[in-house]
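Here is how the chains run, residue by residue.
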Amino acid sequence: MRVKIKRYSFIIITAILLSLFTLHVFGNHTFCFEGLEFNVRTTLAYQGSTQIEVPPLGLVRAYTHNTPLKITVRLTSLNLDKIQSLMQNKVDQKEISERLEQNLRKEARRFVGRLIIMAGAAGLVGAIFLRSRKANEYFLGVLVATVLVSLLLFSTYKNFDANRFSNPEYEGALKAAPWMIGVVEEAIAQIDTMSNKLQLVAENFYLLYQQVDNLYPITQSNNTTKVLHVSDLHNNPAGIEVVRRMAELFEVDFIIDTGDISDYGTPLEGLLLERIKDLPVPYLFIAGNHDSPSTIKKMKELKGKVIVLENSTEISGLRIIGFHDPASRTNNIKSVSEEEEVQFVKRIKAFLAQQADNSAKPFDILAVHSPYVAHPLAGQAPVLLFGHNHQYQVEKVGESVLINAGTSGASGLGMLQEVEKRPYSVMLLNFYDDGQKNHLIAVDSIQIDSVTSEFSMKRHLFDRPAMVPTEKISDSDVVRDMRSKIDENR
């Protein structure tokens with residue numbers, strides 16, 4: 001009898017250890033839903049938790065149950081074409097939620113069934129390992145393993161509390177933005193409100209612009225080119241709508257974006273870039289530190305609308321060169337070090353010197369992302385465009401005009417964290433071609449308040465060739481401030 005009890009004890013202990021080992025090592029399951037592929041994994045842990053991983057953003061974790069089991073849900077891949085098709089077909093949100101719930105229930109049943117079968121197999125292997133000769137010993141091993149894993153999974157299910165995600169832990173890039181989950185509805189509401197106001201804001205602003213143009217005219221010549229400079233949209237759909245309306249109203253020849261069109265440079269964010277297809281003119285782009293190789297790839301796919309400035313280009317008579325921010329070559333959203341910026345500036349200067357030695361036509365516009373790169377390059381081109389620090393500015397340094405577009409997306413979702421709200425800001429550049437070279441004759445700095453819809457404009461006038469047929473301006477750097485506020489009752 002003692003021998004039998006001892007043998008049964010060995011079988012039970014072996015079944016327990018092998019079933020837990022199988023659960024820990026082989027407990028994973030992959031499933032797809034509407035273009036998203038997920039991997040679910042179970043591992044033993046000191047404290048029960050559920051964590052959701054979204055590479056490269058990081059993870060969100062909550063202690064949702066008391067059993068010693070960690071559940072990891074990882075987004076492994078995206079089918080952007082399928083997701084885009086889903087968005088374009090405008091599937092009802094309630095319908096999507098119901099389908100997701102049904103899909104999750106079905107996949108959960110499959111996963112649980114698979115784990116129980118694997119546990120039973122582990123118990124059987126344990127009995128074989130102990131060289132059991134009787135059928136009841138094999139049955140005992142299978143029974144112990146399946147009952148143990150079934151009880152563990154059932155206890156996790158009964159004990160699971162999804163409300164724990166209301167106060168989660170963050171790791172990775174998400175750690176810098178724990179406010180995102182709690183404020184996403186507020187952000188959408190603000191974006192929708194701003195988009196609805198834009199039509200009225202644009203119409204009133206254009207009336208103001210016409211008055212400014214009467215007081216301080218730029219030129220009546222046909223040899224002019226209008227360029228809309230934008231930067232730091234940060235995934236804000238309302239910001240793209242601001243850009244679209246301004247491009248239409250002022251009939252610009254093209255738009256140039258100096259980076260940070262995304263927040264984390266993930267493939268999912270690339271879906272928002274599809275809105276660029278609706279813009280009325282060509283869109284020139286360089287990447288910022290918040291962008292990534294995925295962002296650049298997506299922009300290149302928007303052929304016929306977007307020109308990614310990795311080489312020099314000539315458009316509307318202007319020769320333009322741009323350089324991606326070094327941080328955009330990786331998935332790291334942090335700015336590069338000072339030493340790396342110094343080396344980056346040296347490489348740009350060397351390239352421009354080589355172009356000059358080859359007697360290439362001088363560049364009219366040099367585009368970079370950071371002011372820390374732009375300022376050391378003053379004198380390398382007549383006009384330098386940049387962004388990054390969300391502070392709009394027009395400054396003349398020697399023979400160069402340095403233009404910071406600020407943030408055309410009002411800092412994106414980051415605006416909800418800022419004490420001082422940033423306005424939507426864009427720059428309207430006016431060039432005149434005298435037949436020999438292009439001259440920047442004016443820059444209109446345009447801002448729209450993201451909260452009150454108050455808008456303002458500053459016109460910066462520069463020295464112009466004598467052949468420009470316009471009224472004489474006594475000062476070469478006149479700045480005219482005009483402000484107006486939309487009547488909320490209109």
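Please refer to the structure higher up on the page.
Undergrad: Explain the overall build of the chain to me, please; I cannot follow it from the model alone.
TA: On a plain count of helices and strands, the chain comes out with 9 helices and 20 strands. Sorting the 490 residues of the chain into buried and exposed places 48% on the buried side. In the chain, the share of contacts with a sequence separation of at least 24, taken over all contacts with a separation of at least 6, comes to 66%. Carbon and sulfur atoms form 52% of the exposed surface of the chain, whose accessible area is close to 25,100 Å².

Undergrad: Explain the sheet that holds strand β11 (residues 313-315) to me, please; I cannot follow it from the model alone.
TA: Hydrogen bonds along the backbone pair up the strands of a sheet, which may run parallel or antiparallel. An order of β11-β12-β13-β14-β16-β15 is seen for the 6 strands of this open sheet, with the pairing classed as mixed. Looking at strand neighbours, the two that pair on one side only are β11 and β15 (393-397), the edges of this open sheet. Across the sheet, the mean angle from the axis of one strand to that of its neighbour is 25°, orientation sign disregarded. In terms of strand pairing, β15 meets strand β16 (residues 400-404) through 5 bridges, oriented antiparallel. Its bridge partner being in β16, E395 is matched across the sheet by L402.

Undergrad: So what exactly am I meant to see when it comes to the packing of aromatic side chains here?
TA: Aromatic ring pairs are defined here through the distance separating the ring centres and the angle between the ring planes. Using the criterion set out here, one finds 3 aromatic pairs in the structure. Measuring from centroid to centroid gives 5.5 Å for F31 and F38, while their planes differ by 25°, and the two rings are stacked. For the residue pair F31 and F38, the accessibility class agrees, reading buried in each case.

Undergrad: Where do I start with the nonpolar core in this structure?
TA: General note: in soluble globular proteins, nonpolar side chains tend to be found buried as a group. Judged by nonpolar contacts, the single largest core of 34 residues is most densely connected at L228, I255, I276, Y283 and M299. Listing elements by their share of this core, those giving two or more residues are β7 (224-230), α6 (237-249), β9 (283-285), α7 (293-301), β10 (306-308), β17 (424-433), β18 (438-448) and β19 (455-461). Top contributing element to this core by residue count: α6, with 7 residues. With sequence-adjacent residues up to four places away left out, I276 is seen in contact with I261, Y283, M299, L302, K305 and V306. In terms of nonpolar packing, the next biggest core, distinct from the first, is built from 23 residues, I286, L385, I403 and F462 among them.

Cut-offs and rules
- Position numbers for residues start from 1 in each chain and track the written sequence from start to end.
- Local features in this predicted model are restricted to residues of pLDDT 70 or higher, and side-chain atom pairs are both shown and tallied only at a pLDDT of 80 or more, whereas totals for entire chains, interfaces and linings draw on every residue.
- As a rule here, side-chain values come from all non-hydrogen atoms in the structure, and water together with hydrogens is ignored.
- For the purposes of this entry, the term helix denotes a DSSP run of H or I that reaches at least four residues, the term strand denotes a run of E that reaches at least two, and both are numbered from the N terminus.
- Burial here depends on accessible area, computed with a 1.4 Å probe over protein chains only, as a share of the maximum for the residue type. Under 20% is buried, over 50% is exposed, and the range in between is partly exposed.
- Here, residues are in contact when the closest pair of their heavy atoms is within 4.5 Å.
- Note that accessible areas follow from Shrake-Rupley with a 1.4 Å probe, and for residues the cover is restricted to the protein chains shown.
- Two strands make a pair as long as DSSP finds a minimum of two bridges between them.
- Every axis in this analysis is a line fitted to C-alpha atoms, fitted for helices over the stretch in contact. Angles between the N-to-C directions lie between 0 and 180 degrees.
- Only centres within 6.5 Å qualify two rings of Phe, Tyr or Trp (six-membered ring in Trp) as a pair; their planes then separate them into stacked at under 30 degrees, edge-to-face at over 60, and tilted for everything else.
- As used here, the term nonpolar core means buried Ala, Val, Leu, Ile, Met, Phe, Trp, Tyr and Cys residues forming a set that is joined through side-chain atoms within 4.5 Å.

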